[in-house]
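Fold and contact review
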Amino acid sequence: MENWCGTACCIAGWTNFLITDDENARKDEHDLFSAERKLGLTRNQALELFSPALTIPYSEVTPQQAAVVLLRLADTGSVDWGDLKNPVGPLGLKAEGYPAFSRGKPKFAGR
């Protein structure tokens, strides 16, 4: 792909790149919705697959990890990121002291 972003959302990008269906395409359709339609996913499945809340940054998801999620989806119909899934929600919403994220020094500390 020309604009490789290296994120989980690239699953949608690769879907759109590999599955061309110009006869079904809508000019106003967002890439994520287009990939959702092409893969026959529900909106919830698409959101979990394309923009999951993970315990690591999207850029650190490997192609192998994404492939495991896609195979599991094909086998079970559910999107499961396993240990990568953040049970609390999007990045930054984890409880204080969670080992995957160091809170660091507050931005305006000492002022």
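Residues numbered from 1 in each chain as written. Predicted model: local features only at pLDDT ≥ 70, side-chain atom pairs only at ≥ 80, totals over all residues. Heavy atoms only, no water.

Things to note about the side chain of E36
- Here E36 is to be found in helix α2 (residues 31-39).
- Those residues in contact with E36 that lie beyond four places of it in its chain are L41, T42, R43, A46 and F50. (Helix = DSSP H or I, 4+ residues; strand = E, 2+ residues; numbered from the N terminus. Contact = heavy atoms within 4.5 Å.)

Concerning the confidence of the model for the protein
- Averaged over all residues, the pLDDT of the protein is 74; the fraction at 70 or higher stands at 66%.
- Ranking the elements of the protein by mean pLDDT puts helix α1 (residues 10-18) last with 83 and helix α4 (residues 63-76) first with 92.
- Of the regions scoring below 50 in pLDDT, residues 92-109 engages in 15 contacts with residues more than four places distant in sequence or in other chains. (pLDDT = per-residue confidence, 0-100.)

Points about the packing of aromatic side chains
- One pass over the full model with this rule turns up one aromatic pair.
- Measuring from ring centre to ring centre gives 5.4 Å for W14 and F17, while their planes differ by 90 degrees; the resulting arrangement is edge-to-face. Highlighted residues: W14 and F17, both in helix α1, separated by three residues, approximately one helical turn.
- With relative accessibility at 31%, the residue W14 sits in the partly exposed group. (Phe/Tyr/Trp six-rings, centres within 6.5 Å; stacked < 30°, edge-to-face > 60°. Buried < 20%, exposed > 50% of the residue type's maximum accessible area, 1.4 Å probe, protein only.)

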